[in-house]
Each structure stands twice: as C-alpha cells, then as structure tokens.
Amino acid sequence: MKKALLLCFAFIVLASLGAMAQRTISGKVTDESGEPLLGVNVVIKGTTNGTTTDLEGNYRLQVEEGATLVFSFVGFETQEITVGASSTIDVALGGATELDEVVVVGYGAQLKTELTGNIAKVDGEELRNMPVPNFEQTLQGRASGVFIESSNGKVGQGIKVRIRGASSITADSQPLFVVDGVPITTQNVGNPAEAVSNPLSDINPNDIASVEVLKDASAAAIYGSRAANGVVIITTRSGKPGKTKYNINYQTGVNSPTNRREWLNAEEYVDYILEAAANSDELDGVPTTDPSSWTAFAIGRLDRYSGGTDWRNAEVDTDWEEFAYNDDSRTTKFDLSASGGSEDTRFYVSGSYTDQDGILIGNGLKRLSTRLNLDHSANDRLSFGFNSGFIRTNIDRVSDDNQFSTPIQLIALAPITPVRDSDGNLNDRPVTTYYNGLLDLEGVTRRDVTFRSLLNSYVSFDITDDITFRAEVGADLLTQNQDRRWADYTNGGEGTNGYAISRWARVFNYNTKAYVNYNKLINSNHSIDFTGGFDFQKSETSVTRVEGQEFPVNALKTMASAADIAVGTGTLTEFSFLSYFGRVNYKLNDKYLLTLSGRLDGSSRFGANNQFGFFPAASAGWILSEESFLQGNDIVSFLKLRASYGITGNAGIGNFDALGLYGAEGYAGNGGLQPTQIPNPDLTWEKNSQLDIGFDFGFLNDRINGEIDYYVKTSTDLLLSNPVPGTSGFRIQNQNIGELENRGVEIVLNGVILEGPVSWSSSFNIAFNQNEVTDLGGQQIIDGGSSRTMNVVRVGSAIGAFYGAEYAGVDPATGDALWYLNNEADPRGTTNNFSEAEFVVLGSPNPDYIGGFKNNISWKNFDLNIFFQFVQGNMVHNVGGVFQSAADWFDNPSKEIANRWRQPGDITDVPKAYLAYGNGGQGRSSRFLYDGSYIRLKNLTLGYNLPSDIASRAKLSSARIYFTGVNLLTITDYPLWDPEVSADYLTVNADGSTNNIFQGNDFYSAPQAKTFTVGVQLGF
C-alpha cells in the first residue's frame, strides 16, 4: 500500500514538473496583406502535437521552452519559429493566391482550397456603390449558375433568383437568404392582389462584406428542408483592430430607359385605321360610304378621339410614350462609415441614404439605413458581440402591368388625342381610347413604407483549445404600411367619391441557435473539424386592412376622412422550424478531404405524419497537386477533384396546406363555419437530390485558376393540386406528386493578364442548365395558359414552356395569317383557320446558358472596371402584341405595322389589317414569341485616385473620383423595350408568392433603367 502511495506521489510530482516546463503560446496567422488565415497547421516540430487556426487566424498551443513551431498551409510557404520568452507569436505566411480565401459556409467558415462542395463567393467590394435599388441586381452575372431577373424596370418590384434552375413547379423557388446567421423574410408581405414587392430592397449593398451562394447539396444540406433552391449567405462588414477609419461616399446621376419603341404618328395612325376599316367593310361586303360601315364607325371614333381638333390634317400628334417616362429621373446615394477598434473591441458603424427615381412617372424609392456591428473579446476564451441594422424604405409604386393606369400602357392611346382639353384638364374617356393613366399621377397615391430591423447577437466561449461553444439569438422585424388613395375622378375612385385602402403588415421572425465546434489536428496528419447543434426559427405575420370610401374632398387622404368604412379585416399566420444539424470535415495529409453533414428538420407546415425529415449529404475531395507526381510542377500549381451527393428539401408552401380548414360564413344573420380545405396528414416537403462532380484548378502559380462543375439535380414529391373523389366534398387536394430535373455545367475562369505598371485581371463564368419536367403524377400537361398566355407544365418540357400554334407567316395572295397544320409532317401544311393548327412546344422562358465577364484594369492612379452580363436561349412572349401589331381595335400600333400586307404578291410576315376582326392576333401562337437573348454592359466604372501626398495635405488617407454606368449597352434581337422582363401581373400567386410558371411574358412592361452617376470617395 505504501509503495502504491509513493508511486502516485512521484507521478504527480513528475507531471507537475512537466506542466511547469510547458506554457501556452498563442498568436495570429495572417497572409502578407494582413488577412487572417483559417485552418493553418501549427505543429511542434519533431512531434505529432499541434492545432489549427480559427476563423480569425488565432491559435493556442501548450509548448515547452525552446520548442520549434512549424506553420504550414497548402499554397503558402512553410515557416519555422523557435519559442522564446514571449508568449505571443504572430506569423505572416507568404505565397497567398485567390484560392486561399476564406469562404463562409453554414455555421462556420472554410478555406476555399479545402471545400468539397460548390460555393460561389462574391466580394462586397464588387457590389458597393452600384446605383441600383435592389441588392440582387448587383449580383447579376457575377456568380456562376445564379440566374437573376427583374420582372420589369419599376423600382421596388420583385426579382427572380434561380440557382441551378427552378426546382419546383408551385412551391417557392427563391433561395434561402441568411444575413449574419439569421434566415430573413424574403417573401412578399404586400397586398397579394398587387405585383410582388421585394423585401431584399431593404438591404444596403455598401454594408456587405461578402456574399456566398451555396449551390450543391454538400454545401446547402446543413440548411435542410429550406435548401432545395440554394442558400445565399450575406455577411455584413465588421471592424478590424487599428486606428479608426472614416469613409464618405457620395454619388449622383441620371436614369433613362434602356430602350424606347417607335409608334405610329398621327398621320400614319389615321391612314392605318381607315385602311383597316375599309378592309373589314370589304370582308362584310358593305360599301365604305354606308352609314353602317366600319369606315363610318371609324370616322366617328376618330372625331371623338381627336377631342375637337382636326385629325384630318394631323393638328395634334401626341407621343404618349414620352409622358410615361420621368425625364428628370435621378439617383442620389450618400454613405458614411467608420470602423476600427482595438484587439479586444472592434466596431463597424454606417449610415446610408438612397434616393432613386424610377424611369416611370410616379415611381421612386427612398431608403435610409444605419448599421452597428460590434465584437468584443473579454479574454482569451470569451467573446461576444452583436450586429444590428435599421432601415426605413419608402417606395412610390405604380399600378401593375395589364392595367390602363400603368404608365407604359399610355402608348395604347391614339396619337390624335390631345393630352389636355381647352380648359387645361387631362382628357379622359370618351375622348381617350382608354383610361388616361396620367390621371393617376395627379390623383392616386400608392405608397409602401417599410421599417425593418435586422438583429443578431452572439456569445462564443472556448471550452478547451479545441472546443468552442457558440450561441446566437437573431430577429428580423419587418413592418410595412401600404397606403392607397384614389381621387373621385380616377379609375379606382369613380362612383365612390374617392376610395382608400390602408394595409398594415408586421412580420416578427426570430431565430435561436446553439452549437459547438471541435477542431483538432491529430498526429500532424489528421485534421478533424466538427460542428453540431440545434436551431429554432419562428415567424409570425399579422395583417390589418381597412378600406374606406365617400371622401368629402380629394385633398383629404387619410382613412379618418372616409364617411364609409367599406371593409375592415385582419389575419394572423405563422410557421416554425425546429432543427438539429451536424457536419464533420476530415483532412488527411493536407490532400484527402471528406465532408459529411446532416440536418433533422421539423416544420409546422407539413402533415402530422411527416413533420420531421432528415437531409444528409456527403462529399470528398482529392488535392492532386499535393501528390508527389505533381509537386514542383511549374505549370500546375493547384488541382483538386471533388464530388458530392446529398438531399435537400423545399418547405416553401402555405403555412396550413396540410390541415383541414374551416372558414367563417354567415347564415341568416348568424355566424357559422364551413369547411374550406381537405386535410392531408401525409403532406411533406419536396425532396431535391443532387450529384455534383467538379475540378478546381490553378496554373502558373495560380495566375490562371478556376473551376468546372457538372451536376444533376432531381426534384421529387412535388407539391401539386390533385383531383380527389367528389364524395370528399372537395375538388382538389395538395399532394406530393411529380418530378423534375435540372442538369448542367458551370465553368469559372479567372486570370491575371498583365502585371506591372499596367495591371489587368479578368474573370469569366458561364453556366448551362437544362430543365425538364419528367412526371406529373399521371398527367401529361398542366395548362396554365389562357387565350393569350401560353405557359404550360408539360412532361418532357421545361417549366413554363410556351405551348401553342406555330406561326407560318402571311399568305401572299390574300394577306391572311397562316399557321402550321402538322409540325412533324414533311412538308408541313398551313391553314388560315387558327382552330385547325397543331399546338406544339414553341420554346422556353428559361435560358440555355447565362454568365458574366469581368475585367479590372489599373494604370498609375486610374482604375477601370468593365462587366458584361449575358443571357442566351430563352424566349419572351409579347402578350400585348395582339394590340400593338394586330389591328384588333383603336390602339396605336408600333412602327412594324408599316410592313403589313396591302396587295396580292406582297411578301411580309405582317398580315392584312382588319378593324375588330383581327388577323393573326391569336395570342397562343409563336407570332409574338421572340428570342430574349442579350449581352449587356452591366457595369462600367472609371476611377481616379488622388496621389497620397496630395491627399495627405488635405488630411485625407484616400480620395477618389469615379464614373459609374449601369446597363449602358444592350445587344439583343428582342424588338420590344427590354429582354429582361416577366410581366408582374402574371408572376404573382393568389397568396402573394412568386409564380414559377408564368415567366417570360411582356405586357406593356417597363424597360430596365440605364443609369449614369459620378461619385466621390473620401477616407480619413
């Protein structure tokens, strides 16, 4: 017993002496520019003991006096440093390349060289000072495989974002957006009867540090049931230790339409109308001199539409399109920021004001935002902080497409009509052909005011040198007030002595999470990085709506002045997610990589039998350039093969689609309930399985680098409405049926072309994607089209494919429009009877390929950035073509009507003109279907940096003046205003979500804005 006690005592003494001989060494590892490096191996030479650096480049290690530390990292030069008296050793590693940047992933960060998934990163520097109203527009063409499209040129409208194609038919296809760790509200919270608004317009691009787009399943599966459409992670800027840096930016400029169309003038219009009327008389066999003839009717209408002026000598020639645009459209942006701090406390604070007029009359956006991000290290192990953004956005909206009150539709009015009468009042029906939309400019208010707070706080504690615990609480608070007021002389206020709608919506979206990270280097060869935890999110949306009428005078606009409160209602809806997640990254010998991840998601949106689902993913990588057969190679500096497979989900449906619902219904003056929806306890999320195989490469010391990916993404259990037996008392039920597939190739190529006095770097990306519906639960086609629109969902075709008759041109003998009888016959016959034509797939609104091409050039104090964006292979349907080019009524047509058939033998594709009868105006044909491909000079910036010695005399650390242009040049064969279009009245569902079928339609939709700005940046 005594011997045992003596041995224990001796062991304790020896262990204490060993501990006394060791001490803790800590420090930070950076690259030569001072940026922290994540994942650097720090090993005690001659041993297998070591650790790796964290996101901030920090490390901590127990070492003995006189030991040597070896700092090594792929792509960097290895350094050895002997431990001296100091307990802090900071190291700067040389040899950095673009491949060594840190990429933010879900619940952490990772080095790009070690990624086994596909993540596209866009640095915040590329997005700043872009004079566009919405954050997404700054991303267009910059991330491979990410298709971003504005519905039209109206400020504040919804924007479509598709990552590797559309993954759903009826469920939400927008990606999940995460700002500083908080999943934010991106769904439309405005009136579902109006065009979709864009909550992302509240984000100030100048506050963004980086944007990471998680595209494949390996990268996105950590977000589980909401990652089928990809994930966009937005990280806002933070402070760095050092002297406080102040930055001021001011820019101002003008906006104009990217394109304008040409319409008939007064003389051409009169000739055209009378010719069309005479042709109709000929068709009816009625003399043009007959009082009942179409010619007599047309003359009467011309008398009316001329408003007392002489249309016969073109006394009035009104260009109505000129009145649709704001000739004084301007953009003003002002940003002020400060950042800095000490090693213990870092901060970033900013304020921003944006005032952007729309190119359409009455349209504009004003945004005021401020941000404060604070990080504090209480000691070596404990840190905490918070990120906060507060935004007020004011948008003056105009009515949706397909309404005569929308400004662009002014072009339908006759050019012989004077804008105002002899008393100076705006002309309206019956003098104008349709409602005069200029009345809305004077008598209608459509204002959305949004107040938003984006908040997140965290605490991080290093339990040991290898284990870190982190907890976060975040919230997205969104309040939107929508005020609509129609004067009694406007389209919406007639008959009610003025009408008003006040709608108030509040979204309280909060998120809590806690997770641990274990990062360990074992035997200097094995690196393990594990992250696991739980996540909870809940979102509550309440809406109050009041409608009033009978206003005593038009000058009174608030609801308190309404004598009759016509409608008063309120709704409340909510959803929640409870999730458990985990991910492990394993690295062997700095060249063999493996990542496993999974998330268990529970959602309130799905049926009781399927409320939880598991979403796993696995990926592997092999850094071939670390193998002996490639090391020391002067050409191949980096080469990595990676592959991934995983399953993600789509929970983007209504909050109560799985439940049996009842609605209030009055009966004989008594309140009651009636069933409104049949339950489906088996309803669950759509599933998305994705295979990705890719290469990352670097040549000539990474002077040329890039990546190539091939993917197959299959969506199953699609959420569709399916017929149910009539005995249930219902017609349809939401069920999980159907399947679709996206497959494609993405290529990214970066290169340094010139170095020296003139430097030139370029980046090119292109992405090919093929979308195909492969199963509809036994159906072959879901026809979403109408008498004019042609979008369908059809097995074997892309979502929203255009389906109709193929236009065959004009019969030279008669001037009749022709269509093909049989698309497969050889030769194909034609007919002038539209009902006999065969309906076929005519094209797709989805592009075959998209991409971007960026060039950065600098010489002395000058810098030039040129960025092109391109979209190729998609079709756009001009739904308004029947009115603009087919002589259906008295609408003013476009100049192309001048090429119409007039006599036998004419060879043209514009049929003979008829009044009222139409000829070739059937909407469901390819006549008005056009190639929507385009190449656009998306951004051009030319800047000059004041020499530092001159700037310092003015007490400035930097000074820069610059010119920026957006959408300066568009190369396209599209004959209308702008090929980037999808009519807003078609792309919104009844619940306010974005419709994924009715894409690629143009109905008097506003063109995109072309913007010229000049700016000044000052740093001190």
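Just above, that's the structure.
Cut-offs used in this document
Residues numbered from 1 in each chain as written. Predicted model: local features only at pLDDT ≥ 70, side-chain atom pairs only at ≥ 80, totals over all residues. Heavy atoms only, no water. Helix = DSSP H or I, 4+ residues; strand = E, 2+ residues; numbered from the N terminus. Rg over C-alpha atoms; globule rule 2.2 N^0.38 Å. Buried < 20%, exposed > 50% of the residue type's maximum accessible area, 1.4 Å probe, protein only. Contact = heavy atoms within 4.5 Å. Areas by Shrake-Rupley, 256 points an atom, 1.4 Å probe, with all protein chains shown as cover. Lys, Arg positive; Asp, Glu negative; His and termini not counted. Charge placed at Lys NZ, Arg CZ, Asp CG, Glu CD. Core = buried A, V, L, I, M, F, W, Y, C linked by side-chain atoms within 4.5 Å. Pairing = 2+ DSSP bridges. Axes fitted to C-alpha atoms, helices over the stretch in contact; angles between N-to-C directions. Parallel < 35°, antiparallel > 145°, perpendicular 65-115°, else oblique. Nonpolar A, V, L, I, M, F, W, Y, C, P; charged D, E, K, R; others polar.

Asks: How should the overall build of the protein chain be read in this particular structure?
Replies: Across its full length, the protein chain carries 8 helices and 52 strands. For the protein chain, the C-alpha radius of gyration of 32 Å lies close to 31 Å, the compact-globule estimate for 1020 residues. Reported as C-alpha extents along the three principal axes, the dimensions of the protein chain are approximately 130 × 80 × 70 Å. By the burial criterion, 55% of the 1020 residues in the protein chain qualify as buried. Residue pairs at least 24 apart in sequence account for 69% of intrachain contacts in the protein chain once pairs closer than 6 positions are excluded. For the protein chain, the accessible surface area stands at approximately 41300 Å², while carbon and sulfur atoms represent 56% of it. In the protein chain, which carries 78 positive and 119 negative side-chain charges, the distance between the mean positions of the two groups comes to 7 Å.

Asks: Is there a simple way to think about the nonpolar core in this case?
Replies: Note on soluble globular proteins: their nonpolar side chains tend to be buried together. The biggest cluster of nonpolar side chains holds 48 residues, and the ones touching the most others in it are I169, L360, I408, L438, I799, W977 and Y1004. Elements represented by at least two residues in this core include exactly α5 (320-324), α6 (438-443) and α7 (881-884). Aside from chain neighbours lying at most four places away, what touches I169 is L718, L720, L740, L776, V793, I799, N996 and I997. Within the second largest apolar cluster, 23 residues are counted, among which are A120, V179, I208 and I391.

Asks: Please explain the sheet that holds strand β42 (residues 817-820) as it appears in this structure.
Replies: Within a sheet, neighbouring strands are paired by backbone hydrogen bonds and run either parallel or antiparallel to one another. Ordered in space as β41-β42-β43, the 3 strands form an open sheet in which the pairing is antiparallel. Every other strand in the sheet has two partners, leaving β41 (807-810) and β43 (830-831) as the edge strands with one partner each. Pairing analysis gives 2 bridges linking β42 to β43, with the strands arranged antiparallel. By the bridge assignment, Y820 is partnered in β43 with T830.

Asks: How should the packing of helix α3 (residues 266-284) against helix α4 (residues 294-305) be read in this particular structure?
Replies: Working note: a packed helix pair is described by the angle between its axes plus the distance between those axes. Running from N to C, α3 and α4 cross one another at 155°; their axes reach a closest spacing of 8 Å. Considering their axes alone, α3 and α4 lie roughly antiparallel with respect to each other. Between α3, through Y269, V270, I273, L274, A277, A278, S280, D281 and D284, and α4, the contact on the second element is made entirely by W294, T295, A298, I299, L302 and Y305. The residue inventory of the contact of α3 with α4, partitioned by class, reads 11 nonpolar, 2 polar and 2 charged.

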